[in-house]
Amino acid sequence: MRKVFDDYRALADNVLRPDEPRVDKFVEAMGKSLKKENWTFWLPYVLSLDYCMKCGTCAEVCPVYQASGRREIYHPVKRSEMLRSIYRRYFTLGGKLWPGLVGAKDLTEDGINALAESFYRCTVCRRCAYVCPVAIDNGLVVREGRKILDAIGIAPDELKDSGTQIQLKAGNATNMGTAAFLDIIEFMEEEIADTWGRQVKIPVDKKGAEFLLMHNAGDYLAFPETVMGAAVVLQAAGVDWTLNSPATGINDVVNYGVFFSDGELEKVLRAQLKTALDLGIKTFVVGECGHAFEALKYLMQRLIPAGERPFEVKSILELEAQWIREGRIKVDPGKNREIVTYHDSCKLGRLGGLYEEPRTILQAACQDFRELVPNREMSLCCGGGSGFAIMAKGDFLKFRMETYGQLKAQQLTDAGAQVVALACSNCKGQFREIINYYKLPLRFAGVSELLANALV
Ligand code: SF4
Ligand code: SF4
């Protein structure tokens with residue numbers, strides 16, 4: 001594939017269609033994005049287009065800009081300006097009448113190519129939004145830009161065709177049928193007996209349960225310890241819970257619409273809502289998945305009135321921390337003797353506010369817990385967010401590793417940890433690659449898995 005922005009390509013030619021005329025469609029789609037019907041983040045989006053002091057504070061904390069050696073093309077403002085200049089040219093009076101005077105040029109096909117690739121170089125980690133003196137959110141501008149691109153048919157096939165579209169048809173983005181799902185559950189029960197010496201019966205499709213636990217379906221295949229660890233903890237807590245199979249609807253908590261499309265986001269949320277209503281559960285528990293927690297806990301509130309979703313949404317981390325505090329589950333930190341650190345997922349932390357829950361769990365369950373520096377609000381994005389963890393076409397994996405991944409590898413090395421605890425499936429996918437790429441002498445583990453190890 002030819003270069004259209006930098007040395008990498010996130011979007012294949014059949015998706016980007018670099019030579020097809022798209023300017024008019026792009027301008028039309030952008031016009032729609034500026035209307036109030038844009039229900040997710042319309043106000044901060046239009047304010048972010050109108051105001052920026054160009055002070056550069058955001059660039060000082062942007063992982064990809066810093067890791068690239070401060071390459072101008074990765075500067076957060078430079079990226080947002082790609083959309084702002086289209087806004088000034090086509091949607092302001094000055095731009096329509098005197099484009100030269102307001103520094104606005106006509107949009108070109110090459111401009112769309114570069115914008116599309118540039119908007120898939122930012123993980124929407126929102127670290128920059130925490131330091132901007134006027135609260136501009138460059139990550140949000142990126143998300144809105146991706147929505148415009150999707151409206152003209154440009155979206156990574158990993159997120160759309162192989163992501164939300166399959167999830168809506170099959171119940172999960174892994175395309176796993178009910179028989180295969182039930183086989184995996186049986187296998188996990190045997191593995192739990194071998195690994196933890198516990199007889200655990202994993203409930204499936206139980207109606208009216210107190211807790212419906214829904215995982216990122218990828219975890220059943222890629223990170224089964226996460227699923228098994230959570231099952232061990234839930235049984236130890238003695239609560240009434242269930243998983244669900246594809247026979248009941250959606251059994252995958254992911255929602256890739258968060259990364260590129262409100263339409264896809266809404267369809268997946270409504271399908272998850274219907275599944276929970278049909279099962280008649282009381283609390284929807286989101287497994288270890290950051291963006292799913294943002295979608296179900298916060299974005300669902302904007303879309304669906306409270307009366308139509310008669311259940312609570314909680315992260316598994318909230319429940320586990322609560323059960324430790326209440327003494328409902330007992331742990332022995334001596335069972336996790338390695339040096340353990342924790343990586344704050346951007347979606348669970350900056351966007352979800354879950355900073356203390358994982359620390360409550362890990363400090364109780366691990367003998368030597370150490371913080372990464374920086375952490376919490378200023379945690380460094382690992383580079384797996386906004387869909388990147390499953391995007392590895394061409395040399396895109398190299399981009400992920402040599403920008404975000406490089407900073408994270410250094411941070412892990414500085415912490416001297418033997419285990420990095422993770423509570424997000426996308427982070428796990430990215431850390432698996434970072435550890436391999438940089439040959440780091442450590443392993444990653446799910447928070448629930450470490451907690452299950454420590455149970456007495
Ligand atoms: S910190 Fe805010 S005001 Fe300053 S350049 Fe960045 S986005 Fe603009
Ligand atoms: S959201 Fe993150 S990656 Fe994107 S511009 Fe801001 S700091 Fe950089």
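Residues numbered from 1 in each chain as written. Chains lettered and ligands numbered in written order. Predicted model: local features only at pLDDT ≥ 70, side-chain atom pairs only at ≥ 80, totals over all residues.

Trainee: Explanation requested: the overall build of the chain in the structure shown.
Mentor: For the chain, the count of helices and strands is 20 helices and 8 strands. Its C-alpha atoms give the chain a radius of gyration of 22 Å, near enough to 23 Å, the size a compact globule of 456 residues would have. When the backbone C-alpha atoms are referred to their principal axes, the chain occupies close to 75 × 50 × 40 Å. Out of the 456 residues in the chain, the part that is buried amounts to 51%. Of the contacts made within the chain by residues no fewer than 6 positions apart, 81% connect residues no fewer than 24 positions apart. (Helix = DSSP H or I, 4+ residues; strand = E, 2+ residues; numbered from the N terminus. Rg over C-alpha atoms; globule rule 2.2 N^0.38 Å. Buried ≥ 20, exposed ≤ 12 C-beta atoms within 10 Å, placed from the backbone. Contact = placed C-beta atoms within 7 Å.)

Trainee: I tried to follow the packing of helix α2 (residues 23-33) against helix α8 (residues 138-151) on my own but got confused; where do I start?
Mentor: Geometrically, a packed helix pair is captured by the angle between its two axes and the distance between the axes. Closest axis-to-axis distance for the α2/α8 pair is 9 Å, and the angle between their directions is 130°. Judged by the angle between their axes, α2 and α8 are oblique. Relative to α8, α2 is oriented so that their crossing is right-handed. Residues Phe26, Ala29, Met30 and Ser33 of α2 lie in contact with α8, whose contacting residues are Glu144, Lys147, Ile148 and Ala151. Broken down by class, the residue content of the contact of α2 with α8 amounts to 5 nonpolar, 1 polar and 2 charged. (Axes fitted to C-alpha atoms, helices over the stretch in contact; angles between N-to-C directions. Parallel < 35°, antiparallel > 145°, perpendicular 65-115°, else oblique. Left-handed = near helix turned anticlockwise from the far one by under 90°. Nonpolar A, V, L, I, M, F, W, Y, C, P; charged D, E, K, R; others polar.)

Trainee: Where do I start with helix α18 (residues 396-415) in this structure?
Mentor: Within an α-helix, residues lying three or four positions from one another point in the same direction, as the helix has 3.6 residues per turn. Taking 1.5 Å per residue, 20 residues should reach 28 Å; α18 reaches 27 Å between its end C-alpha atoms and fits that length. At Gly405, α18 is deflected by roughly 55°, the largest bend along its length. Of all the residues in α18, the buried ones are Phe399, Arg400, Met401, Thr403, Tyr404, Gly405, Lys408, Gln411, Leu412 and Ala415. Elements in contact with the buried residues of α18: α4 (63-67), β5 (339-342), β6 (368-371), β7 (419-422) and α19 (425-437). At the C-terminal side of α18, Gly416 shows a positive phi close to 65°. (Expected span 1.5 Å × (residues − 1). Bend = angle between axes of the 7 residues up to and from the residue.)

Trainee: How should the nonpolar core be read in this particular structure?
Mentor: Note that soluble globular proteins tend to have their nonpolar side chains buried in a common cluster. Leu213, Val286, Leu362, Ala421 and Leu450 are the most contacted members of the largest nonpolar core, which has 131 residues in total. In contact with Leu362, other than residues within four places in its own chain, are Val340, Tyr342, Phe369, Ala421, Val447 and Leu450. (Core = buried A, V, L, I, M, F, W, Y, C linked by C-beta atoms within 7 Å.)

Trainee: Hey, could you run me through the packing of helix α3 (residues 42-50) against α8 in this one?
Mentor: Where α3 contacts α8, the axes come no closer than 9 Å and their chain directions differ by 105°. With respect to their mutual orientation, α3 and α8 come out roughly perpendicular. Residues Pro44, Tyr45 and Ser48 of α3 form the contact with α8, whose participating residues are Leu140, Val141 and Glu144. Along the lines of polarity and charge, the residues of the contact of α3 with α8 split into 4 nonpolar, 1 polar and 1 charged.

Trainee: Looking at this model, I keep getting lost on the sheet that holds β5. Mind explaining?
Mentor: Picture the strands of a sheet paired through backbone hydrogen bonds; they go either parallel or antiparallel. If you walk across this open sheet you meet the 4 strands as β6-β5-β7-β8, and the pairing is parallel. Strand pairing shows two members of the sheet lacking a second neighbour, β6 and β8 (443-446), which therefore form its edges. Strand-to-strand, the axes of this sheet are offset by a mean angle of 35°, without reference to chain direction. Together, β5, β6 and β7 form the strand contacts of helix α17 (residues 356-365), whose direction differs from that of β5 by roughly 175°. (Pairing = 2+ DSSP bridges.)

Trainee: Help me out: how do you make sense of the site of ligand 2 in this one?
Mentor: In the region of ligand 2, 15 residues are neighbours, and Cys62, Cys122, Cys125, Cys128 and Gly139 sit closest. Elements with a minimum of two residues in the shell around ligand 2: α4 and α8. Taken together, the residues of the shell around ligand 2 break down into 10 nonpolar, 3 polar and 2 charged. (Near = placed C-beta within 6 Å.)

Trainee: Explain the site of ligand 1 here, please?
Mentor: Taken together, Cys52, Met53, Lys54, Cys55, Gly56, Thr57, Cys58, Val77, Cys132, Val134, Ile136 and Asn138 make up all the residues around ligand 1. Looking at the shell around ligand 1 residue by residue, the class counts come to 8 nonpolar, 3 polar and 1 charged.

Trainee: Help me understand the sheet that holds strand β4 (residues 312-315) in this model?
Mentor: Reading across from one edge, β2-β1-β3-β4 is the order of the 4 strands in this open sheet, with parallel pairing throughout. Single-partner strands in this sheet number two, and they are β2 (241-242) and β4. Across 2 bridges, the pairing between strand β1 (residues 211-214) and β2 is parallel. Within the sheet, the bridge partner assigned to Phe211 lies in β2 and is Trp241. Strands in contact with helix α15 (residues 290-303) are β3 (283-286) and β4; relative to β3, the strand with the most contacts, it is inclined by about 160°.

Trainee: I tried to follow the environment of Tyr437 on my own but got confused; where do I start?
Mentor: Structurally, Tyr437 is set in helix α19. Taking the C-alpha atoms as reference points, Tyr437 and Leu277, 160 residues apart in sequence, are found 43 Å from one another. Among residues more than four places away in sequence, those in contact with Tyr437 are Met401 and Gly405.

Trainee: Just to check I follow, could you spell out helix α5 (residues 76-91) for this structure?
Mentor: Its 16 residues place the ends of α5 22 Å apart at the C-alpha level, agreeing with the 22 Å of an ideal helix rising 1.5 Å per residue. In the structure, α5 departs most strongly from a straight axis at Met82, where the bend amounts to approximately 35°. Looking only at α5, the buried set comprises Pro76, Val77, Arg79, Ser80, Leu83, Ser85, Ile86, Tyr87, Arg88 and Tyr90. Residues of α5 that are buried make contact with α2, α3, α4, α6 (93-97), α7 (109-118) and α8.

Trainee: Would you explain the domain arrangement of the chain in this entry?
Mentor: For interface size, the figure often reported is the accessible area lost on association. Taken as a whole, the chain is organised into domain 1 (13-151), domain 2 (160-322) and domain 3 (327-454). Relative to domain 3, the C-alpha centre of domain 2 lies at a distance of 21 Å. Each partner contributes to the interface: domain 2 provides 29 residues, whereas domain 3 provides 28 residues. Of all the elements in the fold, those that place two or more residues in the side of domain 2 that touches domain 3 are α11 (218-222), α12 (224-237), α15 and α16 (316-326). Of the residues in the side of domain 2 that touches domain 3, the class split is 15 nonpolar, 7 polar and 7 charged. (Domains from an automatic or database assignment.)

Trainee: Whenever I open this one, the pairing of β8 confuses me. Can you help?
Mentor: Along any regular strand the residues' side chains alternate between the sheet's two faces. With 4 bridges connecting them, β7 and β8 associate as parallel partners. The residue bridging Val419 from the neighbouring strand is Arg443, located in β8. As a crossover connection, the stretch from β7 through α19 into β8 is right-handed. (Right-handed = clockwise from strand over helix to strand, strands pointing away.)

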